[in-house]
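Structural description and commentary
If you want the building blocks of each chain, they are given just below.
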Amino acid sequence: MSIRLLSWLERLPKVAVFLSVLIITLAILMTPGTAGGVLTLVLAAVAGLFVYATWARKLPASMRIARMAIPIALGVLGVIKFFL
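**Section: the packing of aromatic side chains**
- In this structure the tally under the stated criterion is 0 aromatic pairs.
- Lying across the ring of Trp 55, Arg 64 places its NZ or CZ 4.5 Å from the centre.

Set out below in structure tokens:
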């Protein structure tokens with residue numbers, strides 16, 4: 001992942017980033033069927049990429065577990081959406 005992109009994201013207002021990610025996530029999770037499953041898996045991949053890009057930071061083990069739980073949960077939801 002580009003250092004330039006990460007630097008740009010870091011400069012954005014935290015509330016704006018949180019709200020936009022929340023809106024995108026809710027919209028994707030509400031999309032039914034195969035399209036919703038594919039979009040949820042793409043969201044899980046992007047979340048996993050961000051976890052990978054920022055893994056080197058010194059964080060407690062509990063925080064690392066929480067950071068891994070989000071992409072895993074999104075991946076599970078994406079797979080489940082294929083069958084519902």
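**Looking at the environment of Ile 23**
- Relative to the helices and strands, Ile 23 is located in helix 2 (residues 14-30).
- Here the alpha-carbon distance between Ile 23 and Gly 37, two residues 14 residues apart in the chain, equals 17 Å.

**Examining the nonpolar core**
- Of all hydrophobic cores here, the largest spans 5 residues; its members are Ile 28, Leu 43, Ala 44, Ala 47 and Leu 74.
- In terms of residues, this core owes the most to one element, helix 3 (residues 33-53), which gives 3 residues.
- Those residues in contact with Ala 44, other than ones at most four positions away along the chain, are Pro 71, Leu 74 and Gly 75.

Conventions used here
By convention here, each chain's residues receive numbers from 1 onward along its written sequence. Where totals are concerned, whole chains, interfaces and linings use all residues; where local detail is concerned, this predicted model gives features only for residues with pLDDT of at least 70, and gives and counts side-chain atom pairs only at 80 or more. Only heavy atoms go into the side-chain values, all of them from the structure, while hydrogens and water stay out. Centre distance within 6.5 Å is the pairing criterion for rings of Phe, Tyr and Trp, where only the six-membered ring of Trp is used; planes under 30 degrees apart are then read as stacked, over 60 as edge-to-face, and the remainder as tilted. Geometrically, a lysine NZ or arginine CZ counts as sitting over a ring once it is within 6 Å of the ring centre and also within 35 degrees of the ring normal. Under the DSSP-based scheme used, a helix requires at least four consecutive residues in state H or I and a strand at least two consecutive residues in state E, with every element numbered from the N terminus. Joining through side-chain atoms within 4.5 Å is the link that ties buried Ala, Val, Leu, Ile, Met, Phe, Trp, Tyr and Cys residues into a set, and such a set is a nonpolar core. Any residue under 20% of the maximum accessible area for its type is buried, any over 50% is exposed, and the rest in between are partly exposed; the area is computed with a 1.4 Å probe on protein chains only. We call two residues in contact whenever any of their non-hydrogen atoms come within 4.5 Å of each other.

Read these as layout, nothing more, since geometry by itself doesn't imply function.
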